[in-house]
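Results of the structural survey
In case you want the letters, here they are:
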Amino acid sequence: MSSIISIKNLNKTYDSGFQALKNINLDIKRGEIFALLGPNGAGKTTLIGSICGIVNPTSGQIIADGHDIQKFFRQAREKIGLVPQELTTEAFESVKATVTFSRGLFGKPDNPAYIESLLKQLSLWDKKNSRMMALSGGMKRRVMIAKALSHEPSILFLDEPTAGVDVELRRDMWEMVRQLRDQGATIILTTHYIEEAEEMADRIGVINKGEIILVEEKEQLMRQLGKRQLTLHLQTPIAAIPNELSHLPLSLNNHGQELTYTFDTQSEHTGIAELLKQLSRHGIDFKDLNSTQNSLEDIFVNLVRSNT
Ligand SMILES: Nc1ncnc2c1ncn2[C@@H]1O[C@H](COP(=O)(O)OP(=O)(O)OP(=O)(O)O)[C@@H](O)[C@H]1O
């Protein structure tokens, strides 16, 4: 897959002297969903703002769909749709007028058929004549997406798309974003919600204190760093893990009723066969067992912690 965005040696120091981005190098592949994860103040909005031409980088280069964002701002910006964090809309305008106006801002000729298909896709067609102020928060968010897509960009940025949105609407949004990707858009989203990245992203980038500390295929990331836990629900509670088993990665929980074994999904030998043999030797029987994969959240928390 070729790159649609290429960022080289990007730095941003604000007038206050604060360095918000530190030598960022990042390529976004055409047609992917890329999730940029990071704690508060990590530099996510500054990075997106730089790509969209809202923030002026101190140094470095950004190419968006073939155009240098600093040298050919208009051409590069035309390729980009941005859905900002805040809902900003004209209260008295109709949905259709708002979206049509946004297209005009990019100097694109009217295309009522495109606007109609966009509103239909975002389930807004029924509301096309409603005033913005009469819409629910979720509908307003959809209009923000329609506005961002009104000039037919190839790249869509979603800055915290589901902040403050209820679970059901969040799932709808995810579905919508996937559909957009399937139609050929490249999507970059920032999020605090690990679950959102886990659910949607093809690749994940982690930014912390202005530095990209990791970029990885999501599946690969989960495989590489994911640990699995096997929990054995014991027939009879035990007071302590027998000394002979103390070298194993075991923990005793739930008043001695559960024994949890942590192992690496990547290693050749999980050690489970040996564990079961040892338990049987010590007369520890279990009535049930289940296993769980460590979540991306564990991985993320560990990464950010080890980077501080
Ligand atoms: N105009 C500005 N002047 C000075 N410092 C700024 C300015 N804008 C942002 N910063 C600082 O730069 C850092 C990165 O901010 P940014 O908004 O990019 O982070 P973020 O990852 O988007 O955070 P959040 O998740 O809270 O939105 C923060 O420490 C912030 O205080």
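What comes next is a walk through the structure. In this text the structure is predicted, and so the values were computed from the model without any measurement. (Residues numbered from 1 in each chain as written. Predicted model: local features only at pLDDT ≥ 70, side-chain atom pairs only at ≥ 80, totals over all residues. Heavy atoms only, no water.)

This part covers the packing of aromatic side chains. Applying the stated rule across the entire model yields one aromatic pair. Aromatic side chains Tyr261 and Phe263 sit 6.0 Å apart centroid to centroid with 20° between the ring planes, which places their arrangement in the stacked category. You'll find Tyr261 and Phe263 in the same group, each marked buried. Here Lys128 stacks its cationic end above the ring of Trp125, 4.4 Å away from the centre of that ring. (Phe/Tyr/Trp six-rings, centres within 6.5 Å; stacked < 30°, edge-to-face > 60°. Buried < 20%, exposed > 50% of the residue type's maximum accessible area, 1.4 Å probe, protein only. Lys NZ or Arg CZ within 6 Å of the ring centre and 35° of its normal.)

Taking strand neighbours across the sheet as the criterion, the six strands line up as 6-7-8-3-9-10 in an open arrangement whose pairing is mixed. Two strands lie at the open edges of the sheet, namely strand 6 (80-83) and strand 10 (211-217), each paired on one side alone. Strand-to-strand twist across the sheet, computed as the mean angle between neighbouring axes with direction ignored, equals 15°. Where strand 9 (residues 203-208) meets strand 10, six bridges bridge the pair, whose relative direction is antiparallel. Across the sheet, Ile207 pairs through a bridge with Ile212, a residue of strand 10. Helix 5 (residues 137-149) rests against strand 6 and strand 7 (155-159) of the sheet, and its axis sits at about 160° to strand 6. (Pairing = 2+ DSSP bridges. Helix = DSSP H or I, 4+ residues; strand = E, 2+ residues; numbered from the N terminus. Axes fitted to C-alpha atoms, helices over the stretch in contact; angles between N-to-C directions. Contact = heavy atoms within 4.5 Å.)

By nearness alone, 14 residues border the ligand, and Asn40, Gly41, Lys44, Thr45 and Thr46 come closest of all. Contact distances for the ligand include 3.5 Å between a nitrogen atom and a side-chain N or O atom of Tyr14. At a separation of 2.9 Å, an oxygen atom of the ligand approaches a polar backbone atom of Gly43. No other element matches the three residues that helix 1 (residues 44-51) contributes to the shell around the ligand. Partitioned by chemical class, the residues of the shell around the ligand number five nonpolar, eight polar and one charged. (Near = heavy atom within 4 Å. Polar contact = N/O pair within 3.5 Å; in protein donor to acceptor, adjacent residues only side chain to side chain. Nonpolar A, V, L, I, M, F, W, Y, C, P; charged D, E, K, R; others polar.)

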